[in-house]
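Single-letter residue listing:
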Amino acid sequence: MKLPKFLSNRALGAVLALAVLCFTSGFYSPSAEAAALSGLSDTMSSVKISTASSHIIRFTTPTGVTGAGQTIVITFPSDFNFTSKTIASLTFTHGATTGAESTETLAASPSASAWGAVFSGTQNRILTLTNATDGTGAAAFSAGQKGIITYDSTNSINASTAASHVTTLNVNGDTGNITTTLLTDDTVVVSGTVNQSITFAVNSNSISFGTLDSGNARYANTSTGSGSDVVAHTLAVATNAPSGYSVSVQGATLTSQQNAGNTITANGSTPATSSTGTEQFGIYTTKAGGVNGTIDPTYATGSSFGYDGTAGAAATFATGSSATATETYSLHYIANIAPTTEAGTYTASLNYVATANF
């Protein structure tokens, strides 16, 4: 190469140095390297194949998304199906502290107050969120913040293959993967048996009026009777039967042991107060404990006495509508006689039966 005569050696060196500098600068272009996302997870409501499931996708971005037009892109793997998914079924929050995130408004395209949200790709597997046009939206998505993107389960169908699947995230150049494993069935059926139970107790099997008197009412107790109203005995019932229980009473009224044709008239299903000088046999009861026991109206007045059982037919005494702890019934008995009531020893054998309704 011949140089022009007017170029000195010193000038030649300067030209060559400039050429080298120009050549080198053509190959240098400074750029920021993408960073890795951290804290990545996808919490699903179901990991069963081909089943609707929600997704709560969490991540932390070291770079942030602070410029208008910057994006967050979520790409689900093959065979996940979000066809007909709408942005109304999404939520997007972010913040420096869990539990104190800002919620962004999502719209079909970004604006000063909303992020854009667009589904694309086969079966809407790609979601692109585009920052608000002011770069801020509800609040700036700054470097180091946590992001949470939630898909509800509507039109969110898991892949049909029981295997590991990888979802990718690109948050303004920060990238990361989330691996989820789908199962053929994610449900464990747990079973157990609660045995049926009912307890029933009569605290005394023998009570007495003592000597009956046409001029005074008599009340039964466990001794020789009483001239005043007292509790004769109790019944206690408890059951875990879902439909509760029923208690019945069956037996003829007071009947002479010497002549079965002689009886003391029972008050029947219409309770009556004490009436001395008139034949009467009746019961009333009160209840304590439990949750739902109901006394039959014949025996529920608390001051009047009724009795509608017979030797051949049981009468309802009390009922419960559901399982209950112990309910205790306190029974009061009355007997009145007329001056013409035939002499004799009168007895009544009353059978109380509790039945559980399982």
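Residues numbered from 1 in each chain as written. Predicted model: local features only at pLDDT ≥ 70, side-chain atom pairs only at ≥ 80, totals over all residues. Heavy atoms only, no water.

Q: Requested: an account of the overall build of the chain, with residues and values cited.
A: A count of helical and extended segments in the chain gives one helix and 24 strands. Relative to the globule expectation of 21 Å for 358 residues, the C-alpha radius of gyration of the chain, 45 Å, shows a markedly less compact shape. Taken along its principal axes, the extent of the C-alpha atoms in the chain is 165 × 40 × 35 Å. (Helix = DSSP H or I, 4+ residues; strand = E, 2+ residues; numbered from the N terminus. Rg over C-alpha atoms; globule rule 2.2 N^0.38 Å.)

Q: Could you give me a rundown of the pairing of strand β15 (residues 245-250), with the residues and numbers involved?
A: Relative to strand β21 (residues 315-320), β15 runs antiparallel, the two sharing five bridges. Across the sheet, V247 pairs through a bridge with A318, a residue of β21. Direction of pairing for β15 relative to strand β24 (residues 351-356): antiparallel, over a ladder of six bridges. For Q250, the partnering residue across the bridge sits in β24 and is N351. (Pairing = 2+ DSSP bridges.)

Q: Give me the environment of L90: which residues, what numbers.
A: Take L90: it is sitting in strand β4 (residues 90-95). Separated by 199 residues in the primary sequence, L90 and G289 place their C-alpha atoms 52 Å from one another. Setting aside residues up to four positions removed in sequence, L90 forms contacts with K85, L106, F119, L127, T150 and Y151. (Contact = heavy atoms within 4.5 Å.)

Q: How would you summarise the nonpolar core if you had to cite specific residues and measurements?
A: Nonpolar side chains tend to gather and get buried jointly when the protein is soluble and globular. By size, the foremost hydrophobic cluster in this structure holds 28 residues, and its most contacted members are F59, I72, W115, L129, I149 and Y151. Put simply, the parts of the chain that give this core at least two residues each are β2 (55-60), β3 (71-75), β4, β7 (115-120), β8 (126-130), β9 (146-151) and β10 (164-171). Ranked by the residues each element gives to this core, the list is headed by β7, at three residues. Once residues within four sequence positions are removed from consideration, Y151 is found in contact with S54, H55, I57, I74, F76, F82, K85, S89, L90, F119, L127 and S156. If you look at the next biggest cluster of nonpolar residues, it comprises 26 residues, including A220, L331, Y333 and Y346. (Core = buried A, V, L, I, M, F, W, Y, C linked by side-chain atoms within 4.5 Å. Buried < 20%, exposed > 50% of the residue type's maximum accessible area, 1.4 Å probe, protein only.)

Q: Can you break down the layout of surface pockets residue by residue, with the values?
A: Where empty space is left can be seen by rolling a probe of water-molecule size over the atoms. Of the pockets and cavities examined, the largest pocket occupies roughly 630 Å³. Around the largest pocket, the lining is made up of 28 residues, and of these I207, F209, L254, T347 and A348 lie nearest the centre. Classifying every residue of the lining of the largest pocket by side-chain character gives 15 nonpolar, 12 polar and one charged. (1 Å grid on protein atoms, 1.4 Å probe; cavity = no way out; pocket = protein on both sides within 12 Å on 5 of 7 lines; lining within 4 Å. Points joined across faces, edges and corners; volume = space filled by probe spheres on them. Nonpolar A, V, L, I, M, F, W, Y, C, P; charged D, E, K, R; others polar.)

Q: Any details on unusual backbone geometry? Residues and values, ideally.
A: The residue N124 is not glycine, and still its phi comes out positive at about 55°. Tracing the backbone through its elements, the reader meets N124 in the loop between β7 and β8. The phi dihedral of N155 falls on the positive side, at around 55°, and the residue is not glycine. Counting through the fold element by element, N155 comes out in the loop between β9 and β10. The exposure class of N155 is partly exposed, given its relative accessible area of 32%.

Q: So what's going on with the sheet that holds β7? Residues and values would help.
A: Within the open sheet, the six strands sit side by side as β6-β7-β8-β3-β10-β11. Their pairing is mixed. Only two strands of the sheet have a single partner each, and these edge strands are β6 (106-107) and β11 (174-181). Sheet topology places β10 next to β11; eight bridges connect them, and they run antiparallel. Across the sheet, the residue bridging to T168 is N177, located in β11.

Q: Before we move on, could you go through the confidence of the model for the chain and cite the residues and values that matter?
A: Chain-level statistics for the chain give a pLDDT mean of 92 and a share of 91% at 70 or above. Below pLDDT 50 for its whole length, residues 1-32 participates in one contact with residues either more than four positions away or in separate chains. (pLDDT = per-residue confidence, 0-100.)

Q: Lay out the side chain of T298 with the relevant residues and their values.
A: Within the fold, T298 resides in the loop between β19 (294-295) and β20 (305-307). Side-chain polar atoms of T298 contact the backbone oxygen of S269, separated by 3.4 Å. In this structure, T298 is in contact with G268, S269, P271, I283, G306, Y307 and D308, ignoring residues within four places of it in sequence. (Polar contact = N/O pair within 3.5 Å; in protein donor to acceptor, adjacent residues only side chain to side chain.)

Q: Quick one: what's the story with the pattern of salt bridges, residue by residue and with numbers?
A: If you walk through the whole model with that rule in mind, you get two salt bridges. Here K85 and D152 are joined by a salt bridge, their closest N and O atoms 2.7 Å apart. Residue K85 is found in the loop between β3 and β4, and its partner D152 is found in the loop between β9 and β10; the two are separated by 67 residues along the sequence. Since its relative accessible area comes to 6%, K85 is described here as buried. Under the relative-accessibility criterion, D152 is labelled partly exposed at 30%. (Salt bridge = Lys/Arg side-chain N within 4 Å of Asp/Glu carboxyl O.)

Q: Talk me through the environment of G144; I want residue IDs and the actual numbers.
A: With respect to the element layout, G144 can be found in the loop between β8 and β9. Linking G144 and T63, residues 81 residues apart in sequence, is a C-alpha distance of 6.7 Å.

Q: An account of the packing of aromatic side chains is requested, with residue identities and associated values reported.
A: Evaluation of the coordinates by the stated rule reveals 16 aromatic pairs. Between F80 and F82 the ring centres are 6.5 Å apart and the planes differ by 10°, which places this aromatic pair in the stacked class. A relative accessible area of 1% places F80 in the buried class. In this structure F82 comes out as buried when scored by relative accessible area, which is 0%. (Phe/Tyr/Trp six-rings, centres within 6.5 Å; stacked < 30°, edge-to-face > 60°.)

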